[in-house]
Amino acid sequence: MKLPPIFISLADLFEKNGFDLYMVGGTTRDFLLGKELVDFDFATNATIDEMKCFMEISENFKSIGSMTCKYQGSKIDITTLRKEKEYIDYRHPSIVEFVNDPEIDSERRDLTINALYLDNKGNLYDFHGGLNDLHNHIIKMINDPLVRFNEDPLRLLRVIRFSLILDFVIEDSLEQIIKENVGLLKKINYIKSREEIDKMMKYNENKARNLLRKYHVDQVLPIVLNSKNPLNIIDLHCDTLTRNLKDDENFLNSNLHIDLNKLYKGEYLLQCFAVFIYLKEGESSFKKANEYIDKFDYLMSEYSHLISPIRSYKELIDNKSKGKLSALLSLEEGEILEGNIDNIDYFYSRGVRMMTLTWNFENSLAYPNDVMHNQIQNGGLKELGIKAIKRMNELGIIIDVSHLNDDGFYDVIKYSTKPIVASHSNAREVQNRVRNLTDDMILLLHKNKGVMGINYCPDFVSNNKGNQIKDLVKHIKHIKDLGCIDNIALGSDFDGIPTPNGLNDASKLPELINELKNAGFSTNEIDKITHKNFLRVLKNVCK
């Protein structure tokens, strides 16, 4: 057989320096199938330190004996022959031992057709019947598939991907094991699954979707099949947690305005989840709030492969680098504290990083406006409210003035030393509702370097009963015209409101973005509205 010239040349170089080199993995497989070779995989008994003596290489993966470099204009991967023991974190071996025997190295590989070794004399080393499987167009695992999948669940997707790309049949028993254990994919980083599935989609999207459904991947990771996932939308307020606790809705797919699938479709980066308490005589708001937070913690644990709670700006950036959604916990009703300032510290310890001072009732902290009669209610912050402001500033909890009356707003501006938010409030000048902010308030919010999240509730948007997306943009444009483009954010109030036509759940956010573009907003301005403005506040307050 005529070996690739690059392999002959590289093998000669290794041989002159006293080492063996084998062509392995997908390179040998594709070579034997007569496919064009683009990237090259090799294995050697030389360590990284030994290779450095005669090659210019990177040490990025020195601990596992692997390196990537350019050779004769082509990308090559060279790995030291090794033995792996006891995988940790469903991805990496805890112990790596370098060896001289390719048969030992072959035991760590996943598929028989990817464990064929060729030396520069044309000798083929087949330790697991891979050549026969290659001729019969069948995919089999090396050793016990269940053990191999528990070591690294990503292998589930690799089996499916190779069956698609090579048009090979998966062994019957292996098919069944994949279907029964596809839930293991929940245990690994979402972005890793995304990379595997993207490779399938690029090859043949229709066939990829059919295979992913056949092996029930769509039931475990429907998000992967539907999302473009740029992750750039931040929503400051929703009542989904209330609905979820009440009705025990499926957090992955549901009839609610917000679930994980809709958030990924809507290209979200962060969703703020409110613990909303409707004050009832004889019921402990403190106790009820803890039930909500327990539910939040359960959901975050159950779907940790897709979403993680954040308590700081840094944690959000870490999540984004992993391709995961973030969730921020907030309180909506200051009486959750039950008049005890020390409870602010308690809820801080439970992960709360934003809190409104009131809902629609007077409490021990402050007064709301009269939403039912659309009337302004007098009275500034109470003494306990002022103490709460100071303590929230000290701890790093964002103060939320939505639902607060006008006098209370001005007091918060006076006493807060940190940027504040109106998580779900619009412009009163555009729609005359006391839940919205006056121009004077918006300008003071600008000086404070805070933000206001545009609320989608139809009554606070306009009197128009048709498609209100254009009316939402009117609020945003008015605030921009005040010189306050740096103070606009999004605060849907999803799952707590009837929704405007055209924006009936989180997956429809691209419709609002398109309308902003049509209205002449620049990419930079849209980025400020969708995420950058609130990120500034989060970075300042929740360090």
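In case you missed it, the structure is sitting above this.
All of these numbers come straight from a predicted model, not from anything done at the bench. Position labels on residues start from 1 in each chain and follow its written sequence. Given that the model is predicted, a residue must reach a pLDDT of at least 70 before its local features are reported, and side-chain atom pairs must reach 80 or more before they are shown or counted; all residues, however, enter totals for whole chains, interfaces and linings. Remark: hydrogens and water are excluded; side-chain values derive from all non-hydrogen atoms of the structure.

Caption draft 1: Here's a closer look at the overall build of the chain. Numbering of helices and strands runs from the N terminus; a helix is a DSSP stretch of H or I covering at least four residues, while a strand is a stretch of E covering at least two. The secondary structure content of the chain amounts to 23 helices and 19 strands. Partly exposed describes any residue whose relative accessible area lies between the buried limit of under 20% and the exposed limit of over 50%, with all areas from a 1.4 Å probe on protein chains only and scaled to the type maximum. Burial analysis of the chain (543 residues in total) assigns 57% to the buried set. Every residue pair with non-hydrogen atoms within 4.5 Å of one another is taken to be in contact. Residue pairs at least 24 apart in sequence account for 68% of intrachain contacts in the chain once pairs closer than 6 positions are excluded. As presented, the chain carries roughly 23000 Å² of accessible surface, and 46% of it is formed by carbon and sulfur atoms. Averaged over its 70 positive side-chain charges, the chain has a centre that lies 3 Å from the centre of its 80 negative ones. Here the accessible surface of atoms and residues is derived via Shrake-Rupley with a 1.4 Å probe, and residues count as covered only by protein chains that are part of the display. For the purpose of counting charges, residues Lys and Arg are taken to be positive, whereas Asp and Glu are taken to be negative. His and the chain ends are not included. Taken as the charge centre is NZ of Lys, CZ of Arg, CG of Asp or CD of Glu, depending on the residue.

Caption draft 2: Examining unusual backbone geometry more closely. Of note, the phi angle at E86 is positive, near 40°, even though the residue is not glycine. The residue E86 is located in strand β5 (residues 82-88) in this model. For N143, which is not glycine, the phi dihedral falls at a positive 65°.

Caption draft 3: Here's a closer look at the nonpolar core. Think of a nonpolar core as a cluster: buried Ala, Val, Leu, Ile, Met, Phe, Trp, Tyr and Cys residues, connected wherever their side-chain atoms sit within 4.5 Å. Ranked by size, the top nonpolar core spans 117 residues in total, and within it V275 and L512 carry the most contacts. Once residues lying within four places of it in the same chain are set aside, the contact partners of V275 are L241, A289, Y292, I293, L329, S330, L331, E332 and I336.

Caption draft 4: Representation of the state of the cysteines in the model. Note on terminology: pairs of cysteine sulfur atoms within 2.5 Å are recorded as disulfides. Enumeration according to the criterion identifies zero disulfides in this entry. Here C53 stays free of any disulfide, with the sulfur of C69 as its closest cysteine sulfur at 15 Å. On the basis of relative accessible area, C53 is assigned to the exposed category, the value being 69%.

Caption draft 5: Region of interest: helix α16 (residues 342-349). Considered for burial, the residues of α16 that qualify are N343, I344 and F347. The buried residues of α16 occupy an angular sector of 110° when the element is viewed end-on, so they sit on one face. Tucked inside the fold, the buried residues of α16 contact α14 (285-302), β14 (325-332), β15 (352-356) and α17 (383-395). Backbone geometry just downstream of α16 places G351 in the positive-phi region, at approximately 105°. Relevant arc is that of directions from the helix axis to the C-beta atoms, nothing else.

Caption draft 6: Structural context of the packing of aromatic side chains. Each Phe, Tyr or Trp ring, with Trp reduced to its six-membered ring, pairs with another whose centre is within 6.5 Å; inter-plane angles below 30 degrees give stacked pairs, above 60 give edge-to-face pairs, and intermediate values give tilted ones. One pass over the structure, following the stated rule, counts 20 aromatic pairs. Ring centres of Y125 and F127 lie 6.5 Å apart, and the angle between their planes is 25°; on these two criteria the pair is classed as stacked. Judged by relative accessible area, F127 falls into the partly exposed class, the value being 25%. Ring geometry for Y346 versus F347: centroids 5.2 Å apart, planes at 75°, classification edge-to-face.

Interpretation note: all reported values are geometric properties and have no functional meaning in isolation.
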